[in-house]
Amino acid sequence: MKITTVSQFDINKIRQLIADILSLPNYQVIDISQPHDLTTYSQFITVLVKSQYEIGCEVDYDPSKEIETISSLNELTLSVNAYGSNGYDEINRLVSSMNLTSVWERLKTMKVGYLRSSQIQTLSTDTSDVKEPCAQVDLIFSINNVTQADVKRGESVQIITEVN
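The structure displayed is predicted, hence computed values, not measured ones.

A. Seen up close, the pattern of salt bridges. Per the counting criterion, the structure on display carries five salt bridges. One salt bridge in this structure joins Glu75 and Arg116, with 3.2 Å as the shortest N-O distance. Within this pair, whereas Glu75 is found in strand 4 (residues 67–83), its partner Arg116 is found in strand 5 (residues 112–117), the two being separated by 41 residues in sequence. Take Arg116: its relative accessible area is 41%, and that puts it in the partly exposed class.

B. Up close: the environment of Leu38. Residue placement: Leu38 occurs in the loop between strand 2 (29–31) and strand 3 (44–62). Given the relative accessible area of 23%, Leu38 is considered partly exposed. Between the C-alpha atom of Leu38 and that of Ile3, which follows or precedes it by 35 residues, the distance is 38 Å.

C. Structural detail: a nonpolar patch on the surface. Residues Tyr53, Ile55 and Leu73 make up a contiguous nonpolar surface patch of roughly 290 Å² in combined accessible area. Checked against the element boundaries, Tyr53 lands in strand 3.

D. Examining the packing of aromatic side chains more closely. What the rule picks out here adds up to five aromatic pairs. With 6.2 Å between their ring centres and 50° between their planes, Tyr41 and Phe44 make a pair best called tilted. Measuring from centroid to centroid gives 4.8 Å for Phe44 and Tyr83, while their planes differ by 25°, and the two rings are stacked. Of this pair, Phe44 sits in strand 3 while Tyr83 sits in strand 4, and the two are 39 residues apart along the sequence. Summarising the burial analysis for this pair, Phe44 and Tyr83 share the class buried. An aromatic cluster is present here, built from Tyr27, Tyr41, Phe44 and Tyr83 joined pairwise through their rings.

Criteria and cut-off values
Residues numbered from 1 in each chain as written. Predicted model: local features only at pLDDT ≥ 70, side-chain atom pairs only at ≥ 80, totals over all residues. Heavy atoms only, no water. Salt bridge = Lys/Arg side-chain N within 4 Å of Asp/Glu carboxyl O. Helix = DSSP H or I, 4+ residues; strand = E, 2+ residues; numbered from the N terminus. Buried < 20%, exposed > 50% of the residue type's maximum accessible area, 1.4 Å probe, protein only. Patch = residues over 30% accessible without salt bridge, like charges linked within 9 Å, V, L, I, M, F, W, Y side chains within 5 Å. Areas by Shrake-Rupley, 256 points an atom, 1.4 Å probe, with all protein chains shown as cover. Phe/Tyr/Trp six-rings, centres within 6.5 Å; stacked < 30°, edge-to-face > 60°.

Shown next, in the form of structure tokens:
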């Protein structure tokens with residue numbers, strides 16, 4: 001049985017979108033689940049998939065191609081943190097820009113829908129005896145993961161019975 005992922009959430013495309021919205025170089029929007037040396041940056045954005053849960057699922061079987069398709073609608077929460085002196089402004093600009101038509105169109109090409117954001121929070125982190133300003137927001141998206149599997153139909157069935 002061959003299982004193929006047709007569509008799923010791509011964190012790299014979302015990182016690029018955030019960098020484009022904020023006019024930042026791509027390397028300043030970091031997937032924090034991957035190891036990075038952040039000591040060289042005075043200002044940067046981190047993204048992390050915080051949670052994902054299934055809202056609904058549709059299973060379809062195409063007998064002519066013998067392929068089963070599972071389409072799973074999910075709500076995904078992406079945590080975005082902005083570090084540096086203008087972190088709050090960057091997060092505020094990001095949230096405000098998420099409803100722009102151009103952003104929605106790019107998300108549509110990624111098979112992602114923007115639902116809403118959480119409240120923007122101002123935080124501070126302690127790094128080497130210095131309090132560093134940080135702002136945080138959760139962006140909530142709807143995503144449609146699609147998986148296909150070959151499911152060959154049986155041409156014949158052999159039934160074996162046992163007598164006790």
